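Take a look at the letters that make up each chain.
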Amino acid sequence: MRNLAATGILLLTVLLFTGCGASSAQPAETTAPTEAATTAATEAVTEPDLSIDEGATPLTSFEYELKDGYAVITDFKGKETEVVVTSHIGPLPVTEIGQYAFEAAWDVTSVTLPESVTFIGEQAFADCESLQTVNIPSGVTVLYRATFASCLSLETLTIPANVTETYEELLVACPLTDLYIENPALPYNSWGLEELETPCTIHAAEGAEILTWAAANGFPTEAASAEAPASGESTEETTAES
């Protein structure tokens, strides 16, 4: 009898212990995200900075690429006739006008490039039939093949002093009347001027290499006595006859 009683007490103890352990287990709590965490996650997904210069042509008129440290204008797709390219897109300077960027933009009459631009690609303005005014920024050092080919309304152009290298057909089929060369050491390189029905006037510093070529090929010349006008502006009182 004592053994049976002891066995019963042992079983009861085990059952009580097991029941208490089961009742003490609590389900894991689930924590809803706090308002602060939700706000932080929302702020992390922000729009990129695409700010541009005041007065510049909207970015919607261009295709562009944002590179590591700079931006490139790759294509003009707008309807504007007077185009002003921004000097920056957000924090990135616009340093390049890509190859063929304005090609066949038939209705564009003027393009203003910012001084941030240091590279203009091959045929960037080719076949811009209405283009009358375009500037080449002072930081550009090379003008590639056919950059302004068949700009059928372009009568005046200034090639700045820092341009040291040019390629063929640069100005082919442009009806130039006045061409300003600010680098006295820049040589002529089959730009297409020979095809002009009426030779344009070449403006350059006295003794400039281009004047030697011009004289040998029957082009009138004038030695520059003042800063060359922006391309497309009047040439009156800016030069003196050599």
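Per chain, the residues get numbers from 1 upward, laid out in the order the sequence is written. Only residues with pLDDT of at least 70 get local features here, since the model is predicted, and only at 80 or more are side-chain atom pairs given and counted; chain-wide, interface and lining totals rely on the full set of residues. Values shown for side chains rest on all heavy atoms present in the structure; no hydrogens or waters enter the calculation.

Enquirer: For this particular structure, what's the right way to read the side chain of Thr147?
Expert: A run of H or I in DSSP counts as a helix once it spans at least four residues, and a run of E counts as a strand once it spans at least two, with each numbered from the N terminus. By secondary structure assignment, the location of Thr147 is in the loop between strand E9 (142–143) and strand E10 (156–159). Among the residues examined, Thr147 registers a relative accessible area of 0% and is labelled buried. Residue contacts follow a heavy-atom distance rule, with two residues in contact if any of their heavy atoms lie within 4.5 Å. When neighbours within four sequence positions are excluded, Thr147 is seen to be in contact with Ile120, Gly121, Gln123, Ala124, Phe125, Ala126 and Leu170. Whether a residue is buried, partly exposed or exposed follows from its accessible area with a 1.4 Å probe, protein chains only, as a fraction of its type maximum: under 20%, in between, or over 50%, in that order.

Enquirer: So what exactly am I meant to see when it comes to the state of the cysteines here?
Expert: Here a disulfide denotes one covalent bond, and it connects the sulfur atoms of two cysteines. Defined by distance alone, a disulfide is two cysteine sulfur atoms within 2.5 Å. One pass over the structure, following the stated rule, counts 0 disulfides. Looking at Cys128, it has no disulfide partner, and the nearest cysteine sulfur is the one in Cys151, 5.1 Å off. Of all cysteine sulfurs in the structure, the one in Cys174 sits closest to Cys151, which takes part in no disulfide; the separation is 4.9 Å.

Enquirer: Is there a simple way to explain helix H3 (residues 209–216) in this structure?
Expert: Given 3.6 residues per turn, any residue in an α-helix points the same way as the ones three and four places further on. When H3 is considered as a whole, its buried residues turn out to be Ile210, Leu211, Trp213 and Ala214. Projected down its long axis, H3 carries its buried residues within an arc of 160°, all on one side. Structural note: H3 exposes Thr212, Ala215 and Ala216 on the side pointing more than 90 degrees away from its buried face. Where H3 is buried, its residues contact strand E12 (178–181), strand E13 (201–204) and strand E14 (221–224). Phi for Gly218, located one or two positions after H3, is positive at around 80°. Arc definition: directions from the helix axis to the C-beta atoms.

Enquirer: Hey, could you run me through the pairing of E13 in this one?
Expert: Within a regular strand, side chains alternate between the sheet's two faces. Both faces of E13 are covered, namely the face carrying Thr201 and His203 and the face carrying Ile202 and Ala204. We call two strands paired when DSSP finds no fewer than two bridges between them. Sheet topology note: the E12/E13 ladder contains 4 bridges and is parallel. Bridge pairing in E13 links Ile181 to Ala204. Inspection of the sheet shows E13 paired to E14 by 3 bridges, in the parallel sense. For Ile202, the partnering residue across the bridge sits in E14 and is Thr221.

Enquirer: Before we go on, may I ask you to explain the pattern of salt bridges in this structure?
Expert: Basic side-chain nitrogens of Lys or Arg form a salt bridge, by our definition, when they fall within 4 Å of a carboxyl oxygen of Asp or Glu. In the structure shown here, the tally under the stated rule is 4 salt bridges. Note that Glu65 is salt-bridged to Lys67, the shortest N-O span being 2.9 Å. Look at Glu65 and you get partly exposed, because its relative accessible area is 37%. Owing to a relative accessible area of 37%, Lys67 belongs among the partly exposed residues under this scheme. Among the salt bridges present, the one from Arg145 reaches Glu122, with a minimum N-O distance of 3.9 Å. Pair noted here: Arg145 is in the loop between E9 and E10 and Glu122 is in the loop between strand E7 (119–120) and strand E8 (133–134), with a separation of 23 residues, a long-range link. Judged by its relative accessible area of 35%, Arg145 is partly exposed.

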